[in-house]
Amino acid sequence: MQGGRGCIVAGVDFSEGALGALREGRWLAQRAGLPLQIVHVVGNGAPWRPDSTAREWLRAASVDPTGVIVRRGLPWVEIVRHAREVSAAMVVLGTHGASGYQAVTLSSTSSRVALSAPC
């Protein structure tokens, strides 16, 4: 890959849209011969443990919970920060996340990542 790009980053929030993004991320990573990193962002506070919704999503996606990189803070900020830190070749996100309709507005996580990510 050009420029020393190291991986594909898939940002997930355990929504239906994130499941589609994960599938696309897997396909792109396989096609590019790059590893896939799955990133979930939570607010500051206690250690994150998957709730029943997250466990069901992870099971449906065939993802080991210990393979998910958990970051704390604002989702778009942390996804962009992670992409920079790992020299990501691409960031893949769903268009309709946990916030529903807002995910298609300019202020959505996907839009902010698209405008700010280094790749």
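Scroll up to find the structure this text is about.
This write-up is about the structure you can find in this document. In this convention, every chain numbers its residues from 1, walking through the sequence in written order. The model is predicted, so local features are restricted to residues of pLDDT at least 70 and side-chain atom pairs to those at 80 or more, both for listing and for counting; the totals for chains, interfaces and linings are taken over all residues. Neither water nor hydrogens contribute to the side-chain values; these are computed over all heavy atoms in the structure.

1. Considerations on the packing of aromatic side chains
Two rings belonging to Phe, Tyr or Trp (six-membered ring only in the last case) form a pair when the distance between their centres is within 6.5 Å. Interplanar angles under 30 degrees mark stacking, angles over 60 mark edge-to-face geometry, and anything in between is tilted. One pass over the full model with this rule turns up two aromatic pairs. An angle of 5° between the planes, with centres 5.9 Å apart, marks the rings of Phe14 and Trp48 as stacked. Of the two residues, Phe14 sits in the loop between strand E1 (8-11) and helix H1 (16-32) while Trp48 sits in the loop between strand E2 (36-42) and helix H2 (52-60), which places them 34 residues apart along the sequence. A 1.4 Å probe rolled over the protein chains alone gives each residue an accessible area, and that area as a share of the maximum for its type sets the label: buried under 20%, exposed over 50%, partly exposed in between. Overall, the relative accessible area of 12% leaves Phe14 in the buried class. Given the relative accessible area of 22%, Trp48 is considered partly exposed. For the purposes of this entry, the term helix denotes a DSSP run of H or I that reaches at least four residues, the term strand denotes a run of E that reaches at least two, and both are numbered from the N terminus.

2. Let's talk about the pattern of salt bridges
A pairing counts as a salt bridge when a side-chain nitrogen of Lys or Arg comes within 4 Å of a carboxyl oxygen of Asp or Glu. Within the structure shown, the criterion is met by three salt bridges. Residues Glu78 and Arg71 are paired through a salt bridge, measuring 3.1 Å at the closest nitrogen-oxygen approach. Note that Glu85 and Arg71 form a salt bridge whose closest N and O atoms lie 2.8 Å from each other. With Glu85 in helix H3 (residues 75-85) and Arg71 in strand E3 (residues 68-72), the pair connects residues that are 14 residues apart, well separated along the chain. You can call Glu85 exposed: its relative accessible area is 52%. Through salt bridges that share partners, Arg71, Glu78, Arg81 and Glu85 make up one connected network.

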